[in-house]
Amino acid sequence: MTNLRHYPSAALLLSGALILTACSEKPDTPAEKAAAAAVPGAPPGGPADVAAKNAPASDVKEKNELVEFAYSYPAEAAQIPGLAAWLDNDRATQRDALVSAARRDQAAADKEGFPYYAHSHLQKWQRITSTPRFLSLSAEIETYMGGAHGMQTFDTLVWDRNRAKRLKPLDMFASGEAFDKAVNDDLCAAIERAKAARGVEWVRDGSPFGKCPSAAAQTVWLGSSDGRYLDRLTIAIAPYEIGAYAEGSYKINLPMSQAIVHAVKPEYARDFLPTK
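Residues numbered from 1 in each chain as written. Predicted model: local features only at pLDDT ≥ 70, side-chain atom pairs only at ≥ 80, totals over all residues. Heavy atoms only, no water.

Notes on the overall build of the protein chain
Here comes step 1: A count of helices and strands for the protein chain gives eight helices and nine strands.
Here comes step 2: The buried share of the protein chain, reckoned over its 276 residues, is 46%.
Here comes step 3: Just so you have it, the protein chain exposes about 13,600 Å², and 54% of that area is on carbon and sulfur atoms. (Helix = DSSP H or I, 4+ residues; strand = E, 2+ residues; numbered from the N terminus. Buried < 20%, exposed > 50% of the residue type's maximum accessible area, 1.4 Å probe, protein only. Areas by Shrake-Rupley, 256 points an atom, 1.4 Å probe, with all protein chains shown as cover.)

Right, here's the structure in full:
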């Protein structure tokens, strides 16, 4: 995806095609908690239960001379009321931030007499895996804020069905330090192989691009090969983290080692399965 022209008035912004598919609530509010409990508490086969089970994927798109905005998430997420509420709130937050920055930069461009190029935020959540307890999602985000080029970043979340709670993968580990200790040797070796595959020699000299990154500081995606246990791990690394922009981003698949499983908090340990 690429990122992006001139916006003459607020009327154009309102004319953008904006399709909203669900309500918005602030994260971790009583409303979100109530939404999370709506389906389990509803009478079997009741309207709320049926509506949640049949909720379609959400795909919001808006494009005009000020901004280009897109935000989508899959049906599996839409069918969990608490998760859908959080995603809708996040969508509104991301759009508001984009529009605010775009209006500011457009006003500056008009004042200084140089062209304004539409800002963009394009975000797509995808299902990584669904187990009896967890729904794991990954997001790839493309943004453009008027510079020489756009930027790619990543996001992640895991929904715990047992607790009707949204988690980051690192929430499931004893600490970021424990995760790093379990992962970083495998990560550094895998980065070196990935760079070599692109014809890039990785010189480990302590320079900004010559250091192995903290795995905990990157985006962690958790997956499953059998739909029962979490036994797959990907570290998504954005441009500029371990190389120049032209080098691009990296998605490093790592084995779910025994050391990683040992770093998991006791309440989640039974849901992980080592593959190494």
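Looking at the sheet that holds strand β3 (residues 119-130)
Here comes step 1: The strand order across the open sheet built from six strands is β1-β2-β3-β4-β5-β6, with neighbouring strands paired in mixed fashion. Strands with a single pairing partner mark the edges of an open sheet, and in this sheet they are β1 (58-63) and β6 (165-167). Taken pair by pair, the neighbouring strands of this sheet meet at an average axis angle of 20°, ignoring direction.
Here comes step 2: Alignment of strand β5 (residues 151-160) against β6, held across three bridges, turns out to be antiparallel. Considered in β6, the bridge of W159 is made with R166.
Here comes step 3: Against the sheet, helix α5 (residues 81-112) touches β1, β2 (67-73), β3, β4 (134-144), β5 and β6, its axis set at about 170° to β2. (Pairing = 2+ DSSP bridges. Axes fitted to C-alpha atoms, helices over the stretch in contact; angles between N-to-C directions. Contact = heavy atoms within 4.5 Å.)

A closer look at the pairing of β1
Here comes step 1: Of the two faces of β1, the one holding S58, V60 and E62 is buried and the one holding D59, K61 and K63 is not buried anywhere.
Here comes step 2: Counted along the chain from β1 to the antiparallel partner β2, the turn is three residues long.

Some details on the packing of aromatic side chains
Here comes step 1: Evaluation of the coordinates by the stated rule reveals six aromatic pairs.
Here comes step 2: Judged by centre distance (5.6 Å) and plane angle (85°), the rings of F154 and W221 are edge-to-face. Of this pair, F154 sits in strand β5 while W221 sits in strand β7 (residues 219-223), placing them 67 residues apart in sequence.
Here comes step 3: Take F154: its relative accessible area is 9%, and that puts it in the buried class.
Here comes step 4: Judged by its relative accessible area of 9%, W221 falls in the buried class. (Phe/Tyr/Trp six-rings, centres within 6.5 Å; stacked < 30°, edge-to-face > 60°.)

A short note on the nonpolar core
Here comes step 1: Counting 31 residues, the largest nonpolar core has M172, L187, L233, I235, I252 and F272 as the members making the most contacts within it.
Here comes step 2: If you list the elements that add at least two residues to this core, you get α6 (176-197), β7, β8 (232-237), β9 (250-255) and α7 (258-262).
Here comes step 3: If you tally residues by element for this core, the top one is α6, at seven residues.
Here comes step 4: With near-sequence residues (within four places) excluded, L233 lies in contact with F179, V183, V220, W221, L222, I252, N253, L254, M256 and I260.
Here comes step 5: If you look at the next biggest cluster of nonpolar residues, it comprises 25 residues, including A84, W86, L137 and A139. (Core = buried A, V, L, I, M, F, W, Y, C linked by side-chain atoms within 4.5 Å.)

Let's talk about unusual backbone geometry
Here comes step 1: Positive phi, close to 50°, is recorded for A164, a residue that is not glycine.
Here comes step 2: Here A164 is to be found in the loop between β5 and β6.

Quick word on the environment of C188
Here comes step 1: Examined against the element boundaries, C188 turns out to sit in helix α6.
Here comes step 2: Apart from the residues within four sequence positions on either side, C188 is in contact with W202, R204 and C212.

Let's talk about the pattern of salt bridges
Here comes step 1: Under the counting rule described, the total for this entry stands at 10 salt bridges.
Here comes step 2: Residue K61 is joined to D59 by a salt bridge in which the shortest nitrogen-to-oxygen separation is 3.9 Å.
Here comes step 3: For K168, the salt bridge goes to D155, with nearest N and O atoms at 2.6 Å. Linking K168 in the loop between β6 and α6 with D155 in strand β5, this pair joins segments that are 13 residues apart in sequence.
Here comes step 4: Residues joined by salt bridges that share partners form a network here, namely R133, D160 and D271. (Salt bridge = Lys/Arg side-chain N within 4 Å of Asp/Glu carboxyl O.)

Quick word on the state of the cysteines
Here comes step 1: Scanning the entire structure with this criterion turns up one disulfide.
Here comes step 2: Note on cysteine connectivity: C188 is disulfide-linked to C212, with sulfurs 1.7 Å apart. The sign of the -105° torsion about the S-S bond sets the C188-C212 disulfide as left-handed. Linking C188 in helix α6 with C212 in the loop between α6 and β7, this pair joins segments that are 24 residues apart in sequence. (Disulfide = S-S within 2.5 Å.)

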